[in-house]
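Take a look at the letters that make up each chain.
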Amino acid sequence: MTGLRADAAIALAIARKDALAELRGRQIAGSTLFFATLVLLLFGFALGPDARRLAEAAPGLLWLAIVFGSLLVVARLHQQEAEDDALEVLVRYPVERHAIYLGKLLAGIGAVGVLGAVLLPVVGILYGIPLLPAWPALVATLVLGTIGLAAVGTFYAGVTVRMQAREVMLPLLMLPIVAPLLLACVKATAAAVSGNPLGDLAAWVQLLVVFDVVMVVAGAATYGHLLEE
Amino acid sequence: MQNLGFIIAGYGVILGGMLLYAVLLLRRLSAARRASLEIRRQADTATPPSDPPA
Amino acid sequence: MATRVLGVVALIAVVAASLNALFGVPADVNQGDAQRIMYVHVPSAWLGYLSFGVTALAGIGYLWKRDLRLDAVAVAGAEIGVMFTAFAIWGGMMWGRPVWGVFWQWEDPRLTTTALLLALYLGYLLFRRLTDEPHRRATRAAVVGIIAAVDIPIVHFSVEWWRGLHQGPTIGSPDKVLHPSAPGLFVLALVSMVIAFTLAWGWLMLRRYQLARIEWQMEEHGRLGRLSAARRAAQAAAMPPPDGAAEGV
């Protein structure tokens, strides 16, 4: 087995373990989805009943809800690991550090992806925006945004997992970093639902690709330093 | 000068802020130096801890 | 001693350059006297970026060499960088209100990027304060600083496109104001201000670095003290209890 394949196998095993733990009743997904939907509902109240204003703001609200929800998701994924010192055991395995990062990243992508996949139709219904005509672009944006959020989130959850003030520190560190991702996702989503009148959809998708690649590489390269302590 | 208020606010906050930071930095530094000297002197004069009484 | 000389020179230079910028140089034709704020705004912004660059490089160096002196450089850069970045934003706002008519210009990519930069490194500083054990703190701060540094260009491009792709370029950003073709007096005033501020920056960095070193030594000493106290306590606890207290197992 080549090194790359071994890494992939390890990453898959870690992600599979997290998925199994979730299916066996860890209840991250349920509570996060509930929270994010609640956020969307409250945004609706905050902006008033004007249907046009809501439709205009919908891409931004969708992505804010996904970002807030992803904060909870990545924090929980690492929290479970740190409890019972499971992370310490994981670190002692003779595997490449970046494989551990990729494993946690895959789990994060899965969780944030589920969140986005549920919230997108919820936004479509609540704020009355047409999703079906633009679905390929919306799915692409969702996938790229999910990867970026999970990459940054996994890294910062690893940074803050053993801190006492982690509930505060994770959003404080992560939100400014994901600002360009938020911007690009909102713009791409808005361009997609409005039929790409300005032709800028491709530019935002490219920015998302760059963001994802940079953050995944940077996260994989530095995550090991967080573990060896 | 036009816009005198903005110029005073700009220069005042930036130059004053730099000065304030410098003064505070010097005070932090001298306080830290004093504390560190104190600790070193204590460490030099203190006798090694004796065995606790049985 | 050399640091003290640098401090005195920097102080004189900043005072002299400021007096020149305020009273020596004529007012700008288009912007009037408000343009004088640029003479403190531009050096602040430059030193903010320089400081964060130093922090990122020191972080990389720490991960490589594991030398806590590099971590002291990193914290000096972050703290002083946050200060200068805040100054740059403040100066930009004081300039923007009379010239643009607003304090905050969302369409200016530089302003929004700088605001995010400030948030990134305030988080970095807060993060440092909440982590103890010098090496662990240095390692984590280094990786956080590196991620922040790689994010900066992405932030810049995203905000630039955000403006550029939707509304045409409406308002010139500060660098167009200080065009190199401007009369020599303006350039001279700006360059002397940049040099004076950079001297002051150097002095502040040195002093902040010294402070970080002393603080680290004291922290180390405190931990050694706690350690020996704990050892003594453990020895005392290991002593056989006075009278058969081994009942409540």
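Residues numbered from 1 in each chain as written. Chains lettered and ligands numbered in written order. Predicted model: local features only at pLDDT ≥ 70, side-chain atom pairs only at ≥ 80, totals over all residues.

Listed as interface residues are 27 residues of chain B and, on the opposing side, 33 residues of chain C. Within the side of chain B that touches chain C, the residues separate by chemical class into 20 nonpolar, five polar and two charged. (Contact = placed C-beta atoms within 7 Å. Nonpolar A, V, L, I, M, F, W, Y, C, P; charged D, E, K, R; others polar.)

We now examine the nonpolar core. Membership of the largest hydrophobic core comes to 142 residues, with the highest contact counts inside it found for A:Val152, A:Ala184, A:Ala188, A:Leu208, C:Val144 and C:Ala200. Counting residues per element, this core draws most heavily on helix α3 (residues 68-100) of chain C, at 18 residues. Setting aside anything within four residues of it in sequence, one finds A:Val152 in contact with A:Met174, A:Ile177, A:Val178 and A:Met215. (Core = buried A, V, L, I, M, F, W, Y, C linked by C-beta atoms within 7 Å. Buried ≥ 20, exposed ≤ 12 C-beta atoms within 10 Å, placed from the backbone. Helix = DSSP H or I, 4+ residues; strand = E, 2+ residues; numbered from the N terminus.)

A separate point is the interface of chain C and chain A. Of the residues lining the interface, 26 residues belong to chain C; the matching set on chain A comes to 27 residues. Of all the secondary structure elements, the ones that give two or more residues to the side of chain C that touches chain A are α4 (109-129) and α5 (134-164) of chain C. Residue composition of the side of chain C that touches chain A, by class: 18 nonpolar, five polar and three charged.

Turning to the packing of helix α2 (residues 28-47) of chain A against helix α5 (residues 97-126) of chain A, a few remarks are in order. All names here are of chain A. Interaxial distance between α2 and α5 falls to 10 Å at its minimum, and their mutual angle equals 30°. When the axis of α2 is compared with that of α5, the two are roughly parallel. Viewed along their axes, α2 and α5 form a crossing whose handedness is right-handed. Residues Ile28, Ala29, Thr32, Leu33, Ala36, Thr37, Leu40 and Gly44 of α2 touch α5, and the partners they reach there are Ala111, Val114, Leu115, Val118, Leu119, Val122, Val123 and Leu126. (Axes fitted to C-alpha atoms, helices over the stretch in contact; angles between N-to-C directions. Parallel < 35°, antiparallel > 145°, perpendicular 65-115°, else oblique. Left-handed = near helix turned anticlockwise from the far one by under 90°.)

Turning next to the arrangement of the chains. Ranking by contact count across two pairs of chains in contact places chains B and C at the top. No part of chain A reaches chain B; the closest C-alpha pair between them is 25 Å apart.

Looking now at unusual backbone geometry. What you tend to see is this: most non-glycine residues have negative phi, and most peptide bonds are trans. Residue and element names in this part refer to chain C. Even without being glycine, arginine 66 reaches a positive phi, approximately 55°. Position of arginine 66 among the secondary structure elements: in the loop between α2 (38-65) and α3. The exposure class of arginine 66 is exposed, given the 12 C-beta atoms found within 10 Å.

Model confidence for chain B is summarised by a mean pLDDT of 83, while 81% of its residues fall at 70 or above. For this predicted complex, the interface score ipTM comes out at 0.82, alongside a pTM of 0.83. (pLDDT = per-residue confidence, 0-100.)

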